[in-house]
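Structural characterization, general
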Amino acid sequence: MAMVHVVRYESPQAWAEHVAARFASFLADQPAARVALPTGATPEPVYAGIVEAVRAGVASFGRAHVFLLDEFGGVPPDAKGRCDVMLHRALLDHVDVRPGHYHKLDPEAPDVEAMCAAYDAALKQPLDLVMLGIGRNGHVGMNEPGTPPDSGTRRVELAPSTTQASVRYFGEGAALPTWGITLGLAQILAARTIWILATGEGKADIVRDVLLEPVSASRPASLLRGHPDCWFLLDAAAASKLPVGVLTRG
Ligand code: GLP
């Protein structure tokens, strides 16, 4: 089995600082990298650090390509919880990604299937890095439990718990999405490097299950354990249910 790297950082602050610095040095090494980026609460402090690094001239997106990992459908395109809106707010509005170098998933496309096929065609050249959060049921992007590893970019129905969890992005009383579009597991698994980000004790159980229970499509993140360069980057709370033997200190 491929060796998964599991890195534990002492505090959420140390975690965010190191993951941002790791991303800045990744971009410095591979300035023309093609990267898929997640939204959600987890990466926000990392994006703040990356914005600082770009402002300080330590990193640049000038030649990079950014692919949006997933997007919610059936809610207004300017809703504050839309992934595109969240990524702009946290990162894209503050860094130097060229307009033609940002690739988003468009749930309003007249032909969603054709839009997804075009996304996958652009990803025939594999991504250099996929950064991911993790859902409490083990989903990555919107690849919910039961997703086969060869699935492509496509429209997906969200698990009811994922719809419920999205209230923290869209706000109380707002319409919540029941479907979305996600980068497929096939494109994620084809990437050269995968980083899975998790923080907080709310993620400790799923992180433990994904890493220690048998690999299974019932926890899609566990399928990433077979990837040759997969990194779980965790703060102490998210790593708190793992035995010390599997951890590297960050
Ligand atoms: C959401 C998103 C995922 C995200 C995950 C965790 O449903 N579709 O891409 O990684 O759930 O979100 P958070 O980081 O807010 O806990």
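Across its full length, the chain holds 8 helices and 11 strands. Whereas a compact globule of 250 residues would reach a radius of gyration of roughly 18 Å, the chain reaches 17 Å, a difference of no more than 12%. For the chain, the C-alpha atoms occupy an extent of roughly 50 × 40 × 40 Å along the three principal directions. The buried share among the 250 residues of the chain stands at 54%. At a minimum sequence separation of 6, the contacts of the chain that also span at least 24 residues come to 79%. Accessible area for the chain stands at about 10600 Å²; split by element, carbon and sulfur atoms hold 54% of it. Side-chain charges of the chain comprise 22 positive and 27 negative groups, with the mean position of each set lying 3 Å from the other.

Close to the ligand lie 13 residues, the nearest being A41, T42, R168, Y169 and K203. A distance of 2.6 Å separates an oxygen atom of the ligand from a polar side-chain atom of K203. Of the residues assigned to the shell around the ligand, the class counts are 4 nonpolar, 6 polar and 3 charged.

The next subject is helix 3 (residues 83-90). Structurally, the α-helix is built with 3.6 residues per turn, so residues lying three or four positions apart point the same way. Burial within helix 3 is extensive, with 6 of its 8 residues counted as buried. Along helix 3, the residues that are buried comprise C83, D84, V85, M86, L87 and A90. Residues of helix 3 that are buried make contact with strand 2 (34-37), helix 2 (44-55), strand 3 (65-68), strand 4 (70-73), strand 5 (102-103) and helix 6 (167-170).

Strands sit in the order 5-3-2-6-9-10-1-11 across an open sheet of 8 strands; the sheet is parallel. Two strands bound the open sheet, and with one partner strand each, they are strand 5 and strand 11 (248-249). Relative to strand 5, strand 3 runs parallel, the two being bridged by 2 bridges. Paired with F67 across the bridge in strand 5 is H103.

F23, F61 and L91 are the most contacted members of the largest nonpolar core, which has 86 residues in total. Once residues within four sequence positions are removed from consideration, F23 is found in contact with V35, L37, I50, F61, L129, M131 and W195.

All right, on to the pattern of salt bridges then. Enumeration according to the criterion identifies 9 salt bridges in this entry. Of the charged contacts, one joins R82 and E108 as a salt bridge, the two residues approaching to 2.9 Å between their closest N and O atoms. Here R82, found in the loop between strand 4 and helix 3, pairs with E108, found in the loop between strand 5 and helix 4 (112-122); they are 26 residues apart in sequence, far enough to count as distant. Looking at R82, the relative accessible area reads 4%, which means it is buried. A relative accessible area of 40% means that E108 is categorised as partly exposed. When the shortest N-O distance is used, the salt bridge between D205 and K241 registers 2.9 Å. Residue D205 is found in helix 8 (residues 204-212), and its partner K241 is found in the loop between strand 10 (230-235) and strand 11; the two are separated by 36 residues along the sequence. In this structure K241 comes out as partly exposed when scored by relative accessible area, which is 40%.

Criteria and cut-off values
Residues numbered from 1 in each chain as written. Predicted model: local features only at pLDDT ≥ 70, side-chain atom pairs only at ≥ 80, totals over all residues. Heavy atoms only, no water. Helix = DSSP H or I, 4+ residues; strand = E, 2+ residues; numbered from the N terminus. Rg over C-alpha atoms; globule rule 2.2 N^0.38 Å. Buried < 20%, exposed > 50% of the residue type's maximum accessible area, 1.4 Å probe, protein only. Contact = heavy atoms within 4.5 Å. Areas by Shrake-Rupley, 256 points an atom, 1.4 Å probe, with all protein chains shown as cover. Lys, Arg positive; Asp, Glu negative; His and termini not counted. Charge placed at Lys NZ, Arg CZ, Asp CG, Glu CD. Near = heavy atom within 4 Å. Polar contact = N/O pair within 3.5 Å; in protein donor to acceptor, adjacent residues only side chain to side chain. Nonpolar A, V, L, I, M, F, W, Y, C, P; charged D, E, K, R; others polar. Pairing = 2+ DSSP bridges. Core = buried A, V, L, I, M, F, W, Y, C linked by side-chain atoms within 4.5 Å. Salt bridge = Lys/Arg side-chain N within 4 Å of Asp/Glu carboxyl O.

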